[in-house]
Structures are given as structure tokens and as C-alpha cells.
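# Per-entry structural report
Residue-level listing of the chains:
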Amino acid sequence: MIETYLKSLALSGYRSYDSDLAGNKIELNDVNIIIGANGAGKSNLISFLEMVSFMMTRGLRNYTARQGGAQSLFYFGAGRTERIEGELQIHDTDGSKENTYSFGLERSAGDQLYFAWEKVAYQDKWHCKPYERQWGVGHFEAGLSGEWDATARILRNYLERLRVFHFNDTSINARIRSTVRTTDAAYLRSDGGNIAAFLYQMRENQEYISYYERIIRHIRMILPQFFDFVLEPDGNGYLSLNWRQEGAEEVFGPYQFSDGALRFVALTTLLLQPAKTAPMTIILDEPEIGLHPYAISLLAKEIRMASRTSQIIISTQSPLLLNEFSCEDIITAEYDSIRQRSTLRRHREENLREWLQDYTLGELWEKNVLGGLPL
């Protein structure tokens, strides 16, 4: 069961989202499937969460540099937008605790981001007034990232784990196809670069071996020739994602997985891992890329299984994936060409009940009933 979850997210001044913080607020559920046309703002919403995660490890400057500088992150540039703002509300499932992390970022003369303000508010059912902490102005890394009192640490640890998992790089030099130390297995890295070590430790742990076996069964559904991984460390403590075919002795290396097969292996490992190691929030940007239609259907089942212990936030372009979920799971991102901004809208089944008698959600998206198509 999910214990802590992101209840709502508001952002403004970030890329395609204008300066209306209240208007750019969206409530989040256990499963959140974001649909929309190219350029509608899906990936910008995902990247905003990724930025917050970087902030919690004193990585804001690193993130900004990777994105091409602060100027590229502002809505129509820093000349038009003064500040990027964010507000994240984190709740406990039982309703006993509510945390809010909010901040404002402005652009420095050196094209970096600095904090115009940063604030934490913590409220529980046992106190009438919230605990508040502020970090002033002018710092280039999040003040919350350096705090060690109990309240700040719990909130920071949650926000740090808002990891966006990217398994799209399956090129010959990708980390996911490389060797890795067996000890690099505390959690699955966002690019899947330590997947061999992660699976190895899962297989060797009696508490987790049933999860490993379930992952193997799901991979076989998509790759009938696949039998099992051959995870054998060398003398220096390194191993690769080697595998064996059904009924064959030859051992294949990670380079002999197709791109789509390797992505499915990584997604299945992420979604079906033990609850004790799973992230509190799993964020994926278009996970269906390169997958067979049957694999997309199985992926949806894995997402629902993972949602029992992790909150799920996914952007997608796939009507097939959309068909596997309910109206309440869907958020449409649209670009308002008149006001030149991205908007977010959650759907309710009561508003689509008559349509759903004759059409699937994917078909309603294709007919533009849900919005989110290019105009």
C-alpha cells in the first residue's frame, strides 16, 4: 500500500507553462496517465519533477547546465518571465500528515538559477498550526537539501526519489548494456545502468527471489525464446546482463537483446521489483516506445501491479496503453495556441459515461473527445 504520495503539483513560468500558478495546478492519484500532442507540455511536466529531484541532491546547477542554461527553462525566456515557481503537496495516505514544498527561481547574470524564496510547511492532525521553515534568498542550491532535522529529512528523501526513469538509450555504448559492479544494487538507477547487479542481488536474496521469478515469467511472455539470465560475477566483482535461450547452452550478452526487448526487460524489472526497494513514485516518459502491441498491454498490467506500492506518473502517446486504464487515471495536456500556454485537465467518468458505452478511451482520444490532439 502507498504510504506517502504526491497529492498535487503546481508550476508556473516553466517552459510551456505560464505564470498562473493556481491555474497550472493538478491533483494527482495513485495512477496518472498524461496524454497530449507533441509540444503540449507532457514532457515539460515530467522534466519539472526531474528538476525538483535534482534540487534535493544539490544538483540544480548541474541540471540547469544540462538543459542549456537557465534561459531555456523560462516560459518564453527570462525576458518575458521573471520567475519559475513550484508547489508540491505531499500527504500520508491516512491523512495524518501534510507537507508542502514551494519555491521560486530566478535567473542570475551567469545564466544560472537562484532561489528567490524557498519554503517548507508541515502540518499533522495533532497540531493546530503548521511547522514552517524558510531559507531566504540568493542561494544556488536548495536549502532543503542541506537540512537534517527529522521533518526536513523525511520531505527531502521523498522529493529526491521523484526519479524519472529513462530506458530509451539502448545504443551500443549505453550503460544498460555495460558491465557493472555487483555491489551497485541498492536501487535501480534511472537509466537502468545497474540492472544486472540489481537482478543479481534480487535473485540471491531469499526474501526477494519470488519477485525475480515473476520478472522472468513476464519477460518470457514477450520473448518466448528467453529462458533466464546468466548473472555470474567475474573475478573483479563485475557482471553483465547475460542470458540464455530456452533449450540452448549458448550464453548471449546484453548486446544481443533487441532495443525493444531490452527496454521491456528494464521496465518489467522496475515495475515488478520488491515493495521494499521500489520508489515511492515512478515517473516514466513514453514507456511504450519500441514495444510490440502485446508488450504494451502487458506493460499496462505491470503498471497497475506497481501502483499498489508506488504512485505512478506516466506520459504516453499510445491509445493502446490508454485503453488499459480508467477515466480517473487520465490527465490531458493541451497547448492553448491563443494564450500560448500548456494546460492540464483531469477527466471524470461521469462526464464520459455515454461515450464509453460505444468507444474505448483510446478511440475517444483519437476522436479528440479527450482533447490532446494537434489542431
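## Remarks on the packing of aromatic side chains
Applying the stated rule across the entire model yields 15 aromatic pairs. With a centroid separation of 5.6 Å and 40° between ring planes, the pair formed by Tyr101 and Phe103 is classed as tilted. On the basis of relative accessibility, which here comes to 0%, the residue Phe103 falls in the buried class. An aromatic cluster is present here, built from Tyr14, Phe48, Tyr101, Phe103 and Phe115 joined pairwise through their rings. Against the face of Phe76 rests Arg80, its NZ or CZ located 4.4 Å from the ring centre. Stacked on the ring of Trp148, the Lys or Arg Arg156 has its end atom at 4.5 Å from the ring centre.

## Some points on the environment of Ser12
Positionally, Ser12 belongs in strand β1 (residues 4-12). Excluding anything up to four places from it in sequence, Ser12 contacts Tyr17, Asp18, Ser19, Asp20, Leu21, Asn24, Arg83, Ile84 and Glu85.

## Topic: the sheet that holds strand β13 (residues 251-252)
Overall, antiparallel pairing links the three strands, which are arranged β10-β12-β13 in an open sheet. Two strands bound the open sheet, and with one partner strand each, they are β10 (226-230) and β13. For strand β12 (residues 242-245) and β13, the ladder comprises two bridges, and the chain directions are antiparallel. The residue bridging Trp243 from the neighbouring strand is Phe252, located in β13.

## Describing the packing of helix α4 (residues 195-204) against helix α6 (residues 259-271)
A pair of packed helices is characterised by two quantities: the angle between their axes and the separation of those axes. It is the contact of α4 with α6, at a shortest axis distance of 11 Å, that shows an interaxial angle of 45°. When the axes of α4 and α6 are compared, the pair comes out oblique. Both α4 and α6 take part in a crossing whose hand is left-handed. Counted together, Ile195, Phe198 and Leu199 of α4 and Val265, Ala266 and Thr269 of α6 form the full contact between these two elements. Split into classes, the residues belonging to the contact of α4 with α6 amount to five nonpolar, one polar and no charged.

## Some remarks on the side chain of His347
Summarising the element assignment, His347 is placed in the loop between β17 (341-346) and α9 (353-356). Here the side chain of His347 touches Thr332 through a polar contact of 2.6 Å, side chain to side chain. Here the side chain of His347 touches Leu370 through a polar contact of 3.4 Å, landing on its backbone oxygen. Among all residues touching His347, those that are not within four sequence positions of it are Cys327, Glu328, Ile330, Thr332, Leu352 and Leu370.

## Some remarks on the pattern of salt bridges
Pairs can form between side chains of opposite charge once their charged atoms are near each other. Summed over the entire model, instances satisfying the criterion amount to 15 salt bridges. Two residues, Glu132 and Lys119, come together in a salt bridge whose shortest N-O distance is 3.8 Å. Of this pair, Glu132 sits in strand β7 (residues 131-134) while Lys119 sits in strand β6 (residues 113-124), and the two are 13 residues apart along the sequence. The class of Lys119 is partly exposed, set by a relative accessible area of 27%. The partner of Glu204 in a salt bridge is Arg203, with the nearest N and O atoms 2.9 Å apart. Salt bridges linked by common partners bring Glu82, Arg83, Glu85 and Glu106 together as one network.

Cut-offs and rules
Residues numbered from 1 in each chain as written. Predicted model: local features only at pLDDT ≥ 70, side-chain atom pairs only at ≥ 80, totals over all residues. Heavy atoms only, no water. Phe/Tyr/Trp six-rings, centres within 6.5 Å; stacked < 30°, edge-to-face > 60°. Buried < 20%, exposed > 50% of the residue type's maximum accessible area, 1.4 Å probe, protein only. Lys NZ or Arg CZ within 6 Å of the ring centre and 35° of its normal. Helix = DSSP H or I, 4+ residues; strand = E, 2+ residues; numbered from the N terminus. Contact = heavy atoms within 4.5 Å. Pairing = 2+ DSSP bridges. Axes fitted to C-alpha atoms, helices over the stretch in contact; angles between N-to-C directions. Parallel < 35°, antiparallel > 145°, perpendicular 65-115°, else oblique. Left-handed = near helix turned anticlockwise from the far one by under 90°. Nonpolar A, V, L, I, M, F, W, Y, C, P; charged D, E, K, R; others polar. Polar contact = N/O pair within 3.5 Å; in protein donor to acceptor, adjacent residues only side chain to side chain. Salt bridge = Lys/Arg side-chain N within 4 Å of Asp/Glu carboxyl O.

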